[in-house]
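# Coordinate analysis (summary)
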Amino acid sequence: MSKQRKGRLTPRGWLRLLFGQPPAGMYRRPAVYMTGSQMEIEHFKTIRTYDENKLCLELYGGVFTVYGDGMQILSLTAHRITLRGRFVRTDFSDDV
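Attention in this report is confined to the structure presented alongside it.

Conventions used here
Residues numbered from 1 in each chain as written. Predicted model: local features only at pLDDT ≥ 70, side-chain atom pairs only at ≥ 80, totals over all residues. Heavy atoms only, no water. Pairing = 2+ DSSP bridges. Helix = DSSP H or I, 4+ residues; strand = E, 2+ residues; numbered from the N terminus. Axes fitted to C-alpha atoms, helices over the stretch in contact; angles between N-to-C directions. Salt bridge = Lys/Arg side-chain N within 4 Å of Asp/Glu carboxyl O. Buried < 20%, exposed > 50% of the residue type's maximum accessible area, 1.4 Å probe, protein only. Core = buried A, V, L, I, M, F, W, Y, C linked by side-chain atoms within 4.5 Å. Contact = heavy atoms within 4.5 Å.

Successive side chains on a regular strand alternate, one facing one side of the sheet and the next facing the other. The sheet contact formed by strand β3 (residues 46–51) and strand β4 (residues 54–58) spans 5 bridges and is antiparallel. If you follow Thr49 over to β4, its bridge partner there is Cys56. Here β3 folds back onto β4, and the loop between the two strands holds 2 residues.

Note on sheets: strands pair through backbone hydrogen bonds, and any given pair is parallel or antiparallel. Taken together, 6 strands build an open sheet; the order of strands is β1-β2-β6-β5-β4-β3 and the sheet is antiparallel. Edge strands, defined here as strands with exactly one partner in the open sheet, are β1 (31–35) and β3. Going across the sheet, the axis of each strand differs from the next one's by a mean of 35 degrees, ignoring polarity. The sheet contact formed by strand β5 (residues 63–76) and strand β6 (residues 80–93) spans 11 bridges and is antiparallel. Across the sheet, Asp69 pairs through a bridge with Arg86, a residue of β6.

A complete count under the given rule lists 5 salt bridges for this structure. Glu40 is the salt-bridge partner of Arg80, the closest N and O atoms lying 3.6 Å from each other. Taken as a pair, Arg80 in strand β6 and Glu40 in strand β2 (residues 38–42) lie far apart in primary sequence, 40 residues in all. The class of Arg80 is partly exposed, set by a relative accessible area of 38%.

Let's shift gears to the nonpolar core. Counting 12 residues, the largest nonpolar core consists of Met39, Ile41, Phe44, Leu55, Leu57, Leu59, Phe64, Val66, Met71, Ile81, Leu83 and Phe87. Of all the secondary structure elements, the ones that give two or more residues to this core are β2, β4, β5 and β6. Once residues within four sequence positions are removed from consideration, Met71 is found in contact with Tyr50, Asp51, Glu52, Asn53, Lys54, Leu55, Val66, Leu83, Arg84, Gly85 and Phe87.

Written out as structure tokens, the structure is:
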């Protein structure tokens, strides 16, 4: 069989790739979005500590810390937190 014919996808194979399941753990990967003075963090396990200068979150692969001034929690759901304030820096550690 030629190389060109070997690399072709059948319609069934193409549909399997199109509608297949995403990789394991895809929806548990953390995501951080920042716009102006707001930050949104998705897919965390628990809040370790919180005050107006520091927020420490436990993720599925480590610990994520946000440092800033006057941070306020705008909204909090099971796996998403939205903050407002002045953000100075972030830190990630893979020690859980």
